[in-house]
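# Fold and contact review
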Amino acid sequence: MKKFITLLFLTFMAMSMTAQSDSIAQLLKEDPRRAYGNDYPYPMETAKMTKAPRGYKPFYISHYARHGSRYYWTDRLYKDLDTLLAVAHRRHQLTATGERFYAQFMDCKKELMTGVSELTDLGWQQHQRIARTMYNRFPEVFKRGGNVFAISSLSGRCVLSMSAFCQELTQCNPKIEVREQSSRFTLDGVVPTDRQNPARRDYPRVKPRYEKNRDQFKSDNSLPQKVIERVFTSTDSLPGNVARIGANLIDLYTTLPSIGHDGMMDGIVSDDEIVARWEGSNLGSYSWVFGPQYEMIPVLKDILTKAEAAIAGTSDHLADLRFGHDTCLGPLTVLMGINGADLDPEDPAQVKFCYQNWETCKASNIQLIFYRGKGGKNDILVKCLLNGAEARLPLPSSLYPYYKWSDFKKVYEGKCTLSNNTL
């Protein structure tokens, strides 16, 4: 009997994994650009919401968002490709496809160099859309107007993302008063790792367990070389790090939709090829967001403190908004265990089931919606949205996607008080 139960359990797990694999494959099929990972432009579709339990009304929102679509974050990529392509063109080392790409790249080179790290029109529109969706979904929070407090990192693309969002809220209802702040005073609540943060402190970094078994994952790493061969007849004597050429070209490709230059690299790389290598890139992304998760404890503390004030009535904020970076939102997703991102599997093949790097896309965001019941301060529910879709939290609940504030507070205050010995 025991063997039968064990076999039944293993069969169930295998079926569950197959279903999850099919679900992920379907998502990539529906939109291959999800495989761009954190370069994925924010999806504009609107997910369905579960009706709140009877008697509960939303009254407060706590939010953290990444800036919207932007040009590449550093000029290194553009400069390296500029030098490389110019020399290859002069030496007749470009294929016909490479020559066509060279001409298109040179035509927009000035724009790329000027735009380095800056928000694009698409990035502005993404935050406008997210703000209007928030307003329309939770009108009870905003309909009477009131105060909203927004903070951002010191980066221009984050400040503009904040402005796009806040302007749209006031367009929805002019009675909303928004205070926006981008300063060293508020960095601990949005980018605690910023070197200009006067409260900055060190937290231990951790490695995900799958890394010990990384060699179990077999991936096809042939794409960079294929890309090189489509662009160059030869890479002999070309400047720079030849090993980086293929990776640079792929990096450029996944940024093109965010900057309005789709099609520039037709014939060089395709979405299907990016999808085929997604699982391997997702492993790297998981390590990248998992390691610094504890550095986001100050952000989580800020969320808890401001929510407690809103519940107690010592704050009149309708919403507290934060605008930062993927380097914060990704680790915060892990720290909070949103959709199982904290599960830390040992098997590399299991990582894709707890974290998908497209969830840390351009303009990605976490929204915590607070609902008050008839019991007042002691009758509060919380719902979490990740990129506009209802998300699971590592909390008990018979009302999913709604969780008791008392459970939320207990679990996440525990995460904020972890000692170095515990870590």
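Here's what I pulled together on the structure shown here. All figures in this text were calculated on a predicted structure; none of them were measured in a lab.

So, how was this worked out
- Residues numbered from 1 in each chain as written.
- Predicted model: local features only at pLDDT ≥ 70, side-chain atom pairs only at ≥ 80, totals over all residues.
- Heavy atoms only, no water.
- Helix = DSSP H or I, 4+ residues; strand = E, 2+ residues; numbered from the N terminus.
- Buried < 20%, exposed > 50% of the residue type's maximum accessible area, 1.4 Å probe, protein only.
- Contact = heavy atoms within 4.5 Å.
- Phe/Tyr/Trp six-rings, centres within 6.5 Å; stacked < 30°, edge-to-face > 60°.
- Lys NZ or Arg CZ within 6 Å of the ring centre and 35° of its normal.
- Pairing = 2+ DSSP bridges.
- Right-handed = clockwise from strand over helix to strand, strands pointing away.
- Disulfide = S-S within 2.5 Å.
- Salt bridge = Lys/Arg side-chain N within 4 Å of Asp/Glu carboxyl O.

## Structural notes on the side chain of Gln126
Take Gln126: it is sitting in helix H4 (residues 121-137). A residue is classified by how much of its surface remains accessible, and Gln126, at 0% relative accessible area, is buried. Setting aside its immediate chain neighbours within four residues, Gln126 contacts Pro41, Tyr42, Met44, Gly68, Ser69, Lys362 and Ala363.

## Notes on the packing of aromatic side chains
By the definition in use, this model includes 16 aromatic pairs. Both rings, one in Tyr371 and one in Tyr402, keep their centres 5.1 Å apart while their planes meet at 85°; by these two values the pair is edge-to-face. Taken as a pair, Tyr371 in strand E5 (residues 365-372) and Tyr402 in strand E8 (residues 402-404) lie far apart in primary sequence, 31 residues in all. Of the two residues, Tyr371 and Tyr402, both sit in the buried class. Ring pairing ties together the aromatic residues Tyr60, Phe370, Trp405, Phe408 and Tyr412, which thus form one cluster. Positioned over the ring face of Trp358 is Arg34, at 6.0 Å from the centre of the ring. Positioned above the aromatic ring of Phe59, the side-chain terminus of Arg372 is 3.9 Å from the ring centre.

## Thoughts on the pairing of strand E3 (residues 176-181)
In this structure, strand E2 (residues 146-152) lies alongside E3, joined through six bridges in parallel fashion. What sits directly across from Phe149, in E3, is Arg179. Where the polypeptide runs from E2 across helix H6 (residues 156-172) and back to E3, its parallel neighbour, the crossover connection is right-handed.

## A word on the state of the cysteines
Counting across every chain of the model gives zero disulfides. Free of any disulfide, Cys158 has its nearest neighbouring cysteine sulfur in Cys328, separated by 8.7 Å.

## Quick word on the pairing of strand E4 (residues 317-324)
Of all eight residues in E4, seven are buried, a share of seventy percent or more. Looking at chain direction, strand E1 (residues 57-66) and E4 are connected through six bridges and run parallel. Counted as the bridge partner of Arg66 is Gly324 from E4. Relative to E4, E2 runs parallel, the two sharing six bridges. The residue of E4 that forms the bridge with Phe149 is Asp320.

## Some details on the pattern of salt bridges
Between side chains of opposite charge, a pair can form as their charged atoms come close. Under the definition given, this model contains 19 salt bridges. Between Asp262 and Arg33 there is a salt bridge, and its shortest N-O distance comes to 2.7 Å. Taken together, the residues span a long stretch of sequence, with Asp262 in the loop between helix H8 (242-259) and helix H9 (271-276) and Arg33 in the loop between helix H1 (2-30) and E1 at a distance of 229 residues. A salt bridge links Arg76 to Asp80; the shortest N-O distance between them is 3.7 Å. Here Asp80 and Arg76 lie together in helix H2 (residues 76-90), a separation of four residues that amounts to about one turn. On the basis of relative accessibility, which here comes to 37%, the residue Asp80 falls in the partly exposed class.

The quantities given are spatial measurements derived from coordinates; they are silent on function.
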